[in-house]
Each structure stands twice: as C-alpha cells, then as structure tokens.
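Structure assessment
Next come the chains, spelled out residue by residue.
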Amino acid sequence: MVKICCIGAGYVGGPTMAVIALKCPDVEVAVVDISVPRINAWNSDQLPIYEPGLDDVVKQCRGKNLFFSTDVEKHVREADIVFVSVNTPTKTRGLGAGKAADLTYWESAARMIADVSVSDKIVVEKSTVPVKTAEAIEKILTHNSKGIKFQILSNPEFLAEGTAIKDLFNPDRVLIGGRETPEGFKAVQTLKDVYAHWVPEGQIITTNLWSAELSKLAANAFLAQRISSVNAMSALCEATGADVTQVSYAVGTDSRIGPKFLNSSVGFGGSCFQKDILNLVYICECNGLPEVAEYWKQVIKINDYQKSRFVNRVVSSMFNSVSKKKIAVLGFAFKKDTGDTRETPAIDVCKGLLEDKALLSIYDPQVTEDQIQRDLSMNKFDWDHPLHLQPMSPTTVKQVSVTWDAYEATKDAHGICIMTEWDEFKNLDFQKIFDNMQKPAFVFDGRNIMNLQKLREIGFIVYSIGKPLDDWLKDMPAVA
Ligand code: NAI
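Thresholds, definitions, all that
Residues numbered from 1 in each chain as written. Predicted model: local features only at pLDDT ≥ 70, side-chain atom pairs only at ≥ 80, totals over all residues. Heavy atoms only, no water. Helix = DSSP H or I, 4+ residues; strand = E, 2+ residues; numbered from the N terminus. Buried < 20%, exposed > 50% of the residue type's maximum accessible area, 1.4 Å probe, protein only. Contact = heavy atoms within 4.5 Å. Areas by Shrake-Rupley, 256 points an atom, 1.4 Å probe, with all protein chains shown as cover. Phe/Tyr/Trp six-rings, centres within 6.5 Å; stacked < 30°, edge-to-face > 60°. Near = heavy atom within 4 Å. Polar contact = N/O pair within 3.5 Å; in protein donor to acceptor, adjacent residues only side chain to side chain. Nonpolar A, V, L, I, M, F, W, Y, C, P; charged D, E, K, R; others polar.

Secondary structure assignment for the chain yields 19 helices and 14 strands. Reported as C-alpha extents along the three principal axes, the dimensions of the chain are approximately 75 × 45 × 45 Å. Looking at the 480 residues of the chain, the share that counts as buried comes to 55%. Considering only residue pairs separated by 6 or more positions, the chain has 76% of its internal contacts joining residues 24 or more positions apart. For the chain, the accessible surface area stands at approximately 20800 Å², while carbon and sulfur atoms represent 53% of it.

Here's what the structure looks like:
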C-alpha cells in the first residue's frame, strides 16, 4: 500500500488529502500538523474549516485510510510520498519584506523530512512557492540525507475555497512538474498514478519543475488581473452612466475572453491572490525585469483603489462623515460558502470606516466574533504568521459589535455595507430592515447582488459597484 503523508492540515492539505483518500482506497493518507487544536478539530465532528461537501468526504474515510495526527515525524518517516502544504506567507521584515515569500515554514518542514527519513521519498510541493524553490529544497534534503534519495515534484493546487470538493473531484487539470531525469520521470509517474484513480489522463499535465512552480503564480496573477480589469472599468462606468454588469456581459460573450471571473466587486481577497502577485513582482525585480514587475503590481494597486473608493463612497454619501453612525456590515468572509477571512476586502473597508469613527455592527453566517476582532486589530501580512499574532487593540474592539443575525446588525443603522455575496442576503426582508433603520437609509452593495430597483422602491438610497448612480450620490462630492 502506498503511504502518503501531508504536512499542513489547512485549507489545502485537509480537503486535498481527504479526496485522495476517498478516491484511492489502496492508498493510506496521513495529514499532520504542528497545531494541536487544528488536528483535534479534524478528528472531531466540527471540522476546522467550512467547505461544502467536506464533512461527508472526511466521514467516509477517516479512521479507514485517512488519519489526522500531530505525530509529524512518525508519519513522514513511514511515507513514500510527502506532500508539503504549509503556509508560504509574505515576509513581514528583512530582505523583501512586504513582497517576497517567507519560506520559514517550508524550510523547517524540509529539514525535518531530511532528519527523520530512513527510506527514499518523493517530496511534493503543494504549497504555492516562488519559482526555483525546488532547487533550494533539494539542497536542504540532499545535504542532510545520509544517502537517502529524494525526488522533488511541484504539484500546485488550483482548488478554490467554497468549491474545493467540487474542484478536487473534477479538476480542470492536475499539474505535476519534475526533474527531466529518469528518476524524475519515475517520480512524476508515481504521483500521476495517484491522480489517475479519478482524473482522466488527458487532464494531468506534466512539465519541468520551474514551469509547474511558475504556472501557479501565473494562474493566480491572470485571475486577479481579470478582477482588477473589470473593477477598473467599474469606476469608469460610475463616471459615465454605463452599467458594469452590461459591459461585463458584452465583453465576456466574446469566446476569446469568456464570461468567468468578470464580476465587479469591492475587490478580491483570500489568502492567495495578493500574496502570490507580490511574490511574482519580487521575483521579476530580482531577475532584473522592473517593467514586468510594475505591470503586475498594478493589479494590486487597483484592488486597493477599489476598496478605498468604496469607503470614500460610503463616507461622502453620508454627508462626508460616518462618525458615531452605526454601519451594518453584512458579510465578512472573503467570499460566500467559506468562513475564511484572510485578506478579505471587508477588513480594509471596516478599517477605513473605523478611521472615520463609524460604529460597526457586523454579521457573517460563518465567521466568529473572535476572528473578526482579531482580523481588525492585526497588522498587514501578520495573519499568515500564526506564531506571531498581534495583540488586540481595545479601541477597535469598542467600535465593533458582532451579531448572529442580519436584522439585529441593521437595527437603528444609518447604512448597510454588503461585503460578501452570501445567498441569504438576497432573501432578507428589506422592508422590515428599512423600517428599523435611521433615515435616510443607505445600502452600499459591494458585491452587486441586490435588486436595486426593489430597494429604491422601499426608499433606500442605493450604491452598487459600477452601476449608474442615484441622484443623491451624484450630488455628493466626487469620489477619488
Ligand atoms: P493554512 O494556513 O490553512 O494551512 C497551513 C498549515 O500548515 C497550518 O495548519 C500550519 O499549522 C501548518 N504548518 C506550518 N508549518 C508547519 C510545519 N513545519 N509542520 C507541520 N505543519 C505546519 O494554509 P492553506 O490555505 O492550506 O495554504 C497552504 C499553501 O497552499 C499556501 O502556500 C497557499 O498559498 C497554497 N494554496 C492555498 C489555496 C487556498 O485556497 N487556501 C489554494 C491553492 C494553494
């Protein structure tokens, strides 16, 4: 029986390994992590991450051929294939701070693999890493290997949170990069055989190591670039009276462009896009390609611009001040169907409103109060460094309350900001909400999910990204 061990039981390691275990009953899979609470949660009825369909997959395999454990060394020692799916955050200090990937967690995992191994292994980069990382990992492994042979593969993960299980069951493609040597080809084939249990052969792409590593950064950069492109258009739509939904539709029906990833919003979030683009920018700079670096940097700049434009719109619409006004924030996760708040645009929007002394009442069906308070009091990029969590700032806590009900959050509010496209927000009784709010009552739809006409008929003043502006908003100071 092939034994797989995955280091890192997070959003990627957990679901990916659960699906491998389900689809490959002849493979034993152990997912290990240094975080005891995380592993305890994977072994309980309350999994540490919310992902539709995940509970079911885990229940079917856990205890049979899927195990979660903190005994990292034992499972690594016994494995034939070791996936490494640990955090690769943005560096917060030193050389490349604010851009380069921090490979501390990866390096310590690689050193541990070298230390505890007593047999040959395939080591798989599952985390998203800078191109050429495999070279560094190889050096760490071979310099400590006591004659043991390691083959490094790059097998980046393309799942999207919220649809992880669906994506893993039916991936557009699986990408495996390896050394172009007989041993490298053999290792690629071994991993290919695992995926071939359920992924059609034609959808398993094999490349050299560097192409696989770079393809993941490139894919995320392209996806984020589409969002920034449509968001840039949304600003122009508001200035001209065009409707961004109509523009996106007209553009996306061109088969060369395609309709996906063309929804305008308050901006992209999630743990990957910004981190991976910053990393790409840094790699370009290090390789003497400042023009290429500048091109990709613009994707992040537009994303930041979109968030601050939204905050400015809220403040300017409400007579240029939200000081002491209650603003209900509906949704905090970076997208629907996940409880993940990493780099969610809601953080920057809330921080912007708090700057202007707003009182925030936040509701998200999947995010806890603790998480929200932590997110709002953490410094940029600290979230992905679990060992260096920043203390909470008491000032922020005072201005923020978290509720478990949208009606409670909006009661007596002056305005509502919709930050996540949760389906339940579309079905709220907005007449009831309007009746319980201060007047004039505002809705700022950061996800373009509301029926604007209906809201206007009720009496709301409505702003929705990239849509023609209400007269009220046109009369307010211009938003930069
Ligand atoms: P995560 O933070 O949810 O999970 C990482 C886990 O690794 C944590 O539980 C942490 O305790 C553990 N860990 C760190 N160092 C360790 C060590 N030395 N030994 C054992 N465990 C250790 O992160 P997530 O979201 O799963 O991401 C992992 C990697 O996958 C990142 O490189 C990310 O860029 C990439 N990725 C993430 C995607 C996503 O949607 N979240 C999608 C595709 C790739």
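Another point: the packing of aromatic side chains. Counting across every chain of the model gives 14 aromatic pairs. Ring geometry for tyrosine 295 versus tryptophan 296: centroids 4.9 Å apart, planes at 80 degrees, classification edge-to-face. Since its relative accessible area comes to 45%, tyrosine 295 is described here as partly exposed. Between phenylalanine 442 and tryptophan 472 the ring centres are 5.7 Å apart and the planes differ by 75 degrees, which places this aromatic pair in the edge-to-face class. Highlighted residues: phenylalanine 442 in strand S13 (residues 442-445) and tryptophan 472 in helix H19 (residues 471-475), separated in sequence by 30 residues.

Among the 25 residues in the neighbourhood of the ligand, the closest are listed as Asp33, Arg38, Thr88, Glu161 and Lys275. In the model, a nitrogen atom of the ligand is placed 3.4 Å from a nitrogen or oxygen of the isoleucine 34 main chain. In the environment of the ligand, an oxygen atom lies 3.1 Å from a nitrogen or oxygen atom belonging to the side chain of asparagine 87. Relative to its unbound accessible surface of 830 Å², the ligand loses 93% to contact with the protein. For the shell around the ligand, a count of residues per class yields 8 nonpolar, 10 polar and 7 charged.

This is a description of form; function is not addressed.
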